[in-house]
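Descriptive structure summary
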Amino acid sequence: MTDLLDEAARLRRGLPDDVGDRIVESLYTDAARIAAASVDRDGAAARLTVDRALDRVLTHRVWGFVAMGVLFFGVFWFTIAGAAVPSDLLYTLLVENGHAWLREGFVALGAPAVVTGLLVDGVYLATAWVIAVMLPPMAIFFPLFTLLEDFGYLPRVAFNLDRLFARAGAHGKQSLTMMMGYGCNAAGVTATRIIDSRRERLIAVITNNFSICNGRWPTLILMGTVFVGAVVPPALAGVVAAGAVIAVVVLGIGVTLAVSWALSRTVLRGESSAYSLELPPYRPPRILRTLWTSIIDRTFKVLRRAVVMAAPAGAVIWLVGNVHLGDASLAAHLVTALGPIGWLMGLNGVILLAYLVAVPANEIIIPTIVMLTLTLGGGAGAQPGVMLDLGDDAQIGTVLVGAGGWTLLTAVNLMLFTLLHHPCSTTVLTIWHETRSVRWTAVATLLPLALGIVVCATVAGVLRLLG
Amino acid sequence: MATPLPTPGVGRASADPDPGGGCASCALAPDAARLARLGLDPGRYSYVVALAGNPNTGKSTVFNALTGLRQHVGNWAGKTVARAEGGFSYGGVGYRIIDLPGTYSLLSASADEDIARDVLLFGRPDVTLVVVDATRLERNLPLVLQIRQITGRVVVALNLVDEARRHGITVDVRHLTRELGVPVVATAARRGEGLPDLLAAIEQVATTDDPPPPMRLVHHDPELERAVAALAEQVAARFPTLPNTRWVALRLLEGDPGIEAAVRDGTLGDLAAPRVAAAEVQG
Amino acid sequence: MTLDELPRGDRAVVTALDIRGGARRRLMDLGLLPGAAVHAELTSPLGDPTAYDVRGALVVLRRDQARAVHVEPEDR
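Residues numbered from 1 in each chain as written. Chains lettered and ligands numbered in written order. Predicted model: local features only at pLDDT ≥ 70, side-chain atom pairs only at ≥ 80, totals over all residues.

**A short note on the nonpolar core**
The biggest cluster of nonpolar side chains holds 237 residues, and the ones touching the most others in it are Leu51, Val130, Val155 and Val156 of chain B. No other element matches the 20 residues that helix α5 (residues 113-151) of chain A contributes to this core. Among all residues touching Leu51 of chain B, those that are not within four sequence positions of it are Lys59, Val62, Phe63, Ile97, Ile98, Asp99, Leu100, Leu129 and Val131 of chain B. (Core = buried A, V, L, I, M, F, W, Y, C linked by C-beta atoms within 7 Å. Buried ≥ 20, exposed ≤ 12 C-beta atoms within 10 Å, placed from the backbone. Helix = DSSP H or I, 4+ residues; strand = E, 2+ residues; numbered from the N terminus. Contact = placed C-beta atoms within 7 Å.)

Here it is, written out as structure tokens:
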């Protein structure tokens, strides 16, 4: 047997070094010849000019970025505006009516208060809340995003932004996964499958959390309008509030690039994989089919994971508010314990506790904060462990300032912390599923948190020094 | 394991749930062991179809069209890449179809290419169905040619012809068929176009006793030709029944680790064992 | 001249690939073979990469990749 191999080695030595390349090239040349003889592209000319004209605009130094801005702003606006009514409906149905109805049922059946509290006020409420608030925006954002994808636009965005990511040591397609993260980070992490190299994929996964997912916009918008906009004359309030939100988003992109750069220079050092991107021809999107597949594929999958996470979290939220150690609830104890770190970060114990227990979904951070603030701050109209929504932003502002002692610093730092904190548990689960590595899942979870602590503490320190 | 096979809603497909009469023990026996080693279970099917193609050619659409969305994700021995497998029945006969990873070539540049090559070479499917994109033919042909060098039991699905039409691109299917020496069927899988003809071609190739020989690539380099010819002679001497000695010789000259290993441990000889046509044993 | 030097809007024919092994195959997978016609179609607004038309497909190459492709520009 081995004499055959020896013979092969001998013959190989007699051949030029690049024999392998030559063999392959021979194959490719043959393929090109056969194709040239079989394919007729004469009808392609007209179609091509339209595509090329569109490309010149969409990758133009000025208009390209304008188009990007308009399209993505459009998608976000459409998502927020479009989700408002369905979210309200679902909220009324599942949270207000559903909760009340379920409660009545449990009480009528004579269930003990603890059981009713745990299951209805805790598990059911959190789950219903997450569905009501998460489902409509996702059901709008994902199809819109997929339509852009089908149309063929997204590779153009990757093409436009490539230099930034290349400089940061990241893969060119990270721009796409980053954008997906603005809908939902779990989906953004799954999208990193388009990056083949494990090293670059990990960078994309770890930095995805700096894309502000749908669930975090309400918090940002609330802080922007109620606190930041409030310090300027009413005429400017709207613009300034929007500006604050956009500033955080832009900061997020900056952090994504900076952290990618740092990772690629330290723990995730290595070769840049061979770049390969193509700009496919534009295609009229198949709207109905896209709606169907993106709703099944992305929306339901993510929602299912979120619900699985929300149920136990709801139980925890209720327990924390109703289990007493000594003379105070667990919540009170934890808030006090977290107080010092909270102060250091320019936040407070209530916020930190909320981020701990509401880890399944960013959407329930504010309701948890409001509930904790009222029940621990002695405000009326709230029950321990029962999340609540005051329905009116101004009212929330009053509660937070009055019963919670919030200042502008608290709000600004909360905006920063919204950007820089650990991923929601749905995302953490997805990261583990995609990377199959406990180590990298831990890094992806704790790195943003560490950054958040450092940045908030620094900002708090600086602002306090300045008076 | 009486899973009813889903039937495509086209062609002469029958709804017979138990086609080959439990063929796991018959014609595929010599290869069943090999297939099982690779993590595939031939089950109750008479023929195995390997589905290959470049990425983004609509391969999964073809897969779904043939299997009617009935797929379970199989795990490949030793690799964490999950591959889809499915089945369909046509003409009263069961076919198992395995969706190989989308690759640009079989030249072992990546784990995906290794998997695809291992299946095609050592799994020896009854039919290799290669999906190509009609709008990108020159890019997709290298893979087809490489596959054609390994086997003659090939059907080419010229997919996305609707896209090609839209772009004003026409492909001369007859010419392509002549050049490749195997059936080329124009399809638009997402619309169901061309599927009856595709199924007929698959059946024809699976059941034929006389498939076209593997394709021979002529090198314009005389030095290389001499070396290949010399080595191919030795390969033929060592493994007399091997149908594609030139291909093996080329790989050995390139220093292909997979082929070298097969020579060393003698499994290359298994490639030479003549295939028993399933039809022969069935009756 | 190498492909990265080809001015936008100009056409050329590939003469050689100055790179070996897997990276060379990748370029060939994209259609860049000696004899293939290319057209420098679009440049990214940030300067890099550039999209080249190769037999109807728009292939995007960064400068360092394009540098490995030797071309003969077509006369205007």
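**Digging into the domain arrangement of chain A**
Residue and element names in this part refer to chain A. Parsing chain A into structural domains produces domain 1 (63-271) and domain 2 (309-465). Just the C-alpha atoms count here: the centres of domain 1 and domain 2 sit 18 Å apart. Contact residues are listed per partner, giving 40 residues for domain 1 and 42 residues for domain 2. Elements represented by at least two residues in the side of domain 1 that touches domain 2 include exactly α5, α8 (185-191), α9 (198-207), α10 (217-228) and α11 (234-265). Per element, the largest residue contribution to the side of domain 1 that touches domain 2 is 12 residues, and it comes from α5. Of the residues that constitute the side of domain 1 that touches domain 2, the class distribution is 27 nonpolar, 11 polar and 2 charged. (Domains from an automatic or database assignment. Nonpolar A, V, L, I, M, F, W, Y, C, P; charged D, E, K, R; others polar.)

**Thoughts on unusual backbone geometry**
Here the amide bond leading from Asp48 of chain C into Pro49 of chain C is cis, since omega sits at 5°, within 30 degrees of zero. With respect to the secondary-structure elements, Pro49 of chain C resides in the loop between β2 (37-43) and β3 (50-54). With a phi close to 55°, Arg436 of chain A is a non-glycine residue in the positive phi region. Mapped onto the secondary structure, Arg436 of chain A falls in the loop between α18 (425-435) and α19 (438-465). Overall, the presence of 10 C-beta atoms within 10 Å leaves Arg436 of chain A in the exposed class. The residue Leu160 of chain B is not glycine, and still its phi comes out positive at about 60°.

**What to know about the interface of chain C and chain A**
Taken together, the 23 residues of chain C in the interface contact 29 residues of chain A. Elements represented by at least two residues in the side of chain C that touches chain A include exactly α1 (21-29), β2 and β4 (57-61) of chain C. Residue contributions to the side of chain C that touches chain A peak at 5 residues, all from α1 of chain C. In terms of residue class, the side of chain C that touches chain A is made up of 12 nonpolar, 4 polar and 7 charged. Two elements, strand β2 (residues 277-279) of chain A and β4 of chain C, share 3 bridges in a ladder whose sense is antiparallel. Paired with Leu277 of chain A across the strands is Val60 of chain C, a residue of β4 of chain C. (Pairing = 2+ DSSP bridges.)

**Digging into the packing of helix α6 (residues 154-167) of chain A against helix α7 (residues 174-181) of chain A**
Residue and element names in this part refer to chain A. As a packed pair, α6 and α7 sit with axes 8 Å apart at the nearest point and diverge in direction by 110°. Classified by the angle their axes make, α6 and α7 are roughly perpendicular. Here α6 contributes Leu154, Val157, Ala158, Leu161 and Phe165 to the contact with α7, which in turn contributes Gln174, Ser175 and Leu176. Broken down by class, the residue content of the contact of α6 with α7 amounts to 6 nonpolar, 2 polar and no charged. (Axes fitted to C-alpha atoms, helices over the stretch in contact; angles between N-to-C directions. Parallel < 35°, antiparallel > 145°, perpendicular 65-115°, else oblique.)

**Overview of the pairing of strand β5 (residues 127-133) of chain B**
All names here are of chain B. Most of β5 is tucked away: 7 of the 7 residues are buried. The alternating pattern of β5 places Val127, Leu129, Val131 and Asp133 and Thr128, Val130 and Val132 on opposite faces, both of which are buried. In the sheet, strand β1 (residues 47-53) pairs with β5 via 5 bridges, with the strands oriented parallel. Within β5, the residue paired with Val49 across the bridge is Val127. Bridging between β5 and strand β6 (residues 154-159) involves 6 bridges; their strand directions are parallel. Counterpart to Val132 in the pairing with β6 is Leu158.

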